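What follows is each chain in one-letter form.
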Amino acid sequence: MGGDTSALDYVVVDWGTTSFRAHRVENGVVTGTVEDPTGGVLSVADGLFEQRLCERIAHWQPSRVFLVGMVGSRAGWKEAPYVPSPASAAALRGAAPHFFLEKVDFSSTFSSGGDSPQNRRVSVTIVPGVSHADGGGSSPDVMRGEETQVLATGADGVHVCPGTHSKWAVVAGGEIAAFRTFLTGDAFRALARGTILAASVGGQPAELSSPDGLRWFHHGLSSSAGRGFPGDRGLLHDLFTVRTKTLSGELPREHAPAFLSGLLIGDELQSARGFLQQAGACGPPGGRRLPKSVHLIGADGLASLYAEAVRHSWGVPVCRVTARDAVVRGVRTIFFGGPRLETPAAAPPGPVDHRGGGWDGVPRVHDPSRAAAPVSHVFGPSEGSRSKAGVGGTTAESSPAAPSGAARTRRPDGTEQAPAEGAPAPGAAAVPRVVAILRGVLPEEVVAVADALVAAGVTAVEVPLNSPQPFESIRLLAERFRHRRPAVLVGAGTVLTPADVLSVHRSGGRLIVSPDVNRGVITLSRQLGLVTVPGVATPTEAFRAISYGADALKLFPAEVAGPKGLKAMAAVLPPRFPVLAVGGVTVDNLKEWKAAGAHGFGVGSSLYKPRMSPEVVRSKATEFVSRVTELYASSKL
């Protein structure tokens, strides 16, 4: 910068392959933006980059310009080097090429009327890219443009830049330690326009505002979530089902893009998870092996789509950062030492606000009913992002997947309790005190019965898979309580196989309760971000379930072991590991079970029997929940 110009007065240009976007920054604040959605690098002939730049930003009379993106590639203006990972802001700053515009004459280019400003040299700096190699002779991966966005947050952890080529980056110690690229956007465009799937998808974006559209997107995600498990048919086969499902009439054509998008993004999440585990960005072996949270950087539409995918598939908190803020603040971080974006604790997993556009051809989402969705933005959490808990367990802000410092449980008496070091973390939702078991319930009555239970304070509902049409009942309940806060945990009991887990997940369920300890069931449940509660009757079974990654244990049948049996088992289990007593639990013996160490209860016939009226269910549930609340009001569990 020259003269009396502030060090924070400059122009940032995000010049990508297909688009051009310039931001004027004065005293650190963006005061103007020029956009050309078709003015990307590929549209500029050799030797004309300087001319195109001046045409777009001449009226600002800048003295310093920072270029970000593909303009620094071999296909761009001048090639900037790739800085190998781990890459810090200082390393990028040191490798950035600088030059002055050669043909700019402010006296002729920028003057008007009788004005004749003094000629001014314009300094140009190009932000370098970053390269990364996993080792073992693998080909290097590269990013150009995303490095600026990722470093803007100032936060360690997982950063995702969705796009034509999606980037998943791991930041550690303020450096870009590792990243991986996925060709998801290009794949969608190619499949939707240049293959037999075009007849089904039509190259058109999908609307996910309707429950059916969102359900088909989730179905695609769930289909890809089972990769590598029994029943997996493979991505290439699943892609062809976009055509067969539309031909058979099962999949309406207007929702085919949503299903295709879900398949591709779901597959990306599965591959990204393996990369993140390899990069050390997930929990220790034996747990859920998911990142604590995810930073999503990008335009509203596509970032919202990925936020929904992460929420649905992994159940971890998401923090949103707009692409413009990230680029501008990233340049400030790299060249002026910050301050970087203030990133709040990520919001708990929940519905997100789907608005705007995505890839060319990927669903643009708009859902007015979700306008106040609990997704965190860089300038603070949105309204409605926090909720209070009842008997169901913790508050929304105490999501077990939240970063340390935010993961505090709320006791029923309103006090907070920080988790002990090494304490087991539950899965996608807090382990509840009361799980209502609706054995034998029919789809036509399940919503009314569940409404009665929730009105009484129950926050977890289980439909055993030996009930009539259980997956339809689970689907109805998942739709019913999708937007409710505090959340209602809906799922299945009598889950015996990994295939059952997939079916529950595809139906919208998030709770997996089993009568036994099945490693495949527990492993797949954790991979899908579901709460898994296997049944145990002995300490040997309990420790095996915990080693597989169980979120809680179901002591079953509890009436056989009795409170004395639970007390003996609890003495050797990890401190405060949640155990639910199931079978023979009534209002009259709750105090004994609580004294023996029960965290909560699975309750069937004491709350519901087939053809019992909702009014009777609510009365019984109210009495049960009131007694549990009374007993656990001062509990340290």
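Residues numbered from 1 in each chain as written. Predicted model: local features only at pLDDT ≥ 70, side-chain atom pairs only at ≥ 80, totals over all residues. Heavy atoms only, no water.

**Some points on the pairing of strand β4 (residues 64–68)**
Looking down a regular strand, the side chains alternate between one sheet face and the other. Counted residue by residue, β4 has five buried out of five residues, so it is predominantly covered. Neither face of β4 is left uncovered, since the one carrying Arg64, Phe66 and Val68 and the one carrying Val65 and Leu67 both have all their residues buried. Here four bridges tie strand β1 (residues 10–15) to β4, and the two strands are oriented parallel to one another. Counted as the bridge partner of Val12 is Phe66 from β4. Examined bridge by bridge, β4 and strand β7 (residues 123–126) share four bridges and lie parallel to one another. (Buried < 20%, exposed > 50% of the residue type's maximum accessible area, 1.4 Å probe, protein only. Helix = DSSP H or I, 4+ residues; strand = E, 2+ residues; numbered from the N terminus. Pairing = 2+ DSSP bridges.)

**What to know about unusual backbone geometry**
Of note, the bond from Ser85 into Pro86 is cis; its omega dihedral lies within 30 degrees of zero at 0°. Checked against the element boundaries, Pro86 lands in the loop between β5 (82–84) and α2 (89–95). Cis geometry is found at the peptide bond from Arg485 to Pro486, where omega equals 0°. By the element assignment, Pro486 lies in the loop between α13 (470–480) and β21 (489–493).

**As for the environment of Phe20**
As for its position among the elements, Phe20 is in strand β2 (residues 20–26). Taking C-alpha positions, Phe20 is 8.1 Å from Val34, a pair spaced 14 residues apart along the chain. Beyond its immediate stretch of four places on either side in the chain, Phe20 contacts Val13, Asp14, Trp15, Val34, Glu35, Asp36, Gly39, Gly40, Leu53 and Arg56. (Contact = heavy atoms within 4.5 Å.)

**Describing the pattern of salt bridges**
On inspection of all chains with the given rule, the structure shows 17 salt bridges. Residue Arg24 is joined to Glu26 by a salt bridge in which the shortest nitrogen-to-oxygen separation is 3.4 Å. One salt bridge connects Asp551 with Arg526, and the closest N-O pair in it is separated by 3.3 Å. Here Arg526 lies in helix α15 (residues 519–527) and Asp551 lies in the loop between α16 (539–548) and β25 (553–555), a separation of 25 residues in the sequence. For the pair shown, Asp551 and Arg526 are each scored as buried. (Salt bridge = Lys/Arg side-chain N within 4 Å of Asp/Glu carboxyl O.)

**Describing the side chain of Lys245**
With respect to the secondary-structure elements, Lys245 resides in helix α8 (residues 235–248). Look at Lys245 and you get buried, because its relative accessible area is 15%. Setting aside residues up to four positions removed in sequence, Lys245 forms contacts with Trp216, His219, Glu250, Leu251 and Phe259.

**Concerning the packing of helix α9 (residues 256–278) against helix α10 (residues 300–313)**
Running from amino to carboxyl end, α9 crosses α10 at an angle of 65°, the nearest separation of the two axes being 11 Å. Remark: the crossing between α9 and α10 carries right-handed chirality. Within the contact between the two elements, α9 uses Ser261, Ile265, Glu268 and Leu269 and α10 uses Leu305, Tyr306, Ala309, Val310 and Ser313. Residue classes in the contact of α9 with α10 are distributed as six nonpolar, two polar and one charged. (Axes fitted to C-alpha atoms, helices over the stretch in contact; angles between N-to-C directions. Left-handed = near helix turned anticlockwise from the far one by under 90°. Nonpolar A, V, L, I, M, F, W, Y, C, P; charged D, E, K, R; others polar.)

**Observations concerning the sheet that holds β1**
The strand order across the open sheet built from six strands is β3-β2-β1-β4-β7-β6, with neighbouring strands paired in mixed fashion. Each edge of the sheet is formed by a strand with only one pairing partner; in this case those strands are β3 (29–36) and β6 (98–100). Between one strand and the next, the sheet's axes are offset by a mean angle of 20°, whatever the strand orientation. Strands β1, β2, β3 and β4 of the sheet are contacted by helix α1 (residues 49–57), whose axis makes an angle of about 120° with β1.

**Overview of the nonpolar core**
Proteins that are soluble and globular tend to have nonpolar side chains buried together. Formed by 65 residues in total, the largest nonpolar core has its most connected members in Leu453, Leu553, Trp593, Phe601 and Phe624. With seven residues, helix α19 (residues 614–632) is the largest single contributor of residues to this core. In this structure Phe601 touches Arg433, Val434, Val435, Leu580, Ala581, Val585, Leu590, Trp593, Lys594, Phe624, Val628 and Tyr632, once residues within four positions along its chain are discounted. Ranked by size, the runner-up nonpolar core spans 29 residues in total, among them Tyr10, Val25, Phe179 and Ala326. (Core = buried A, V, L, I, M, F, W, Y, C linked by side-chain atoms within 4.5 Å.)

**With respect to the packing of aromatic side chains**
Under the defined criterion, the tally for this structure stands at 12 aromatic pairs. Between Phe66 and Phe335, the aromatic rings sit 4.8 Å apart at their centres with planes inclined by 35°, giving tilted as the arrangement. You can see Phe66 sitting in strand β4 and its partner Phe335 sitting in helix α11 (residues 323–336), a full 269 residues away along the chain. Like Phe335, Phe66 is buried. On the basis of relative accessible area, Phe66 is assigned to the buried category, the value being 0%. (Phe/Tyr/Trp six-rings, centres within 6.5 Å; stacked < 30°, edge-to-face > 60°.)

**Notes on the packing of helix α7 (residues 211–225) against α10**
The interhelical angle for the contact between α7 and α10, taken along N-to-C directions, is 60°, at an axis separation of 10 Å. The orientation of α7 relative to α10 falls into the category oblique. The element α7 and its partner α10 pack so that their crossing is right-handed. Along its contact with α7, which presents Leu214, Phe217, His218, Leu221 and Ser222, the element α10 presents Leu305, Glu308, Ala309, Arg311, His312 and Ser313. Its residues assigned to classes, the contact of α7 with α10 comprises five nonpolar, four polar and two charged. (Parallel < 35°, antiparallel > 145°, perpendicular 65-115°, else oblique.)

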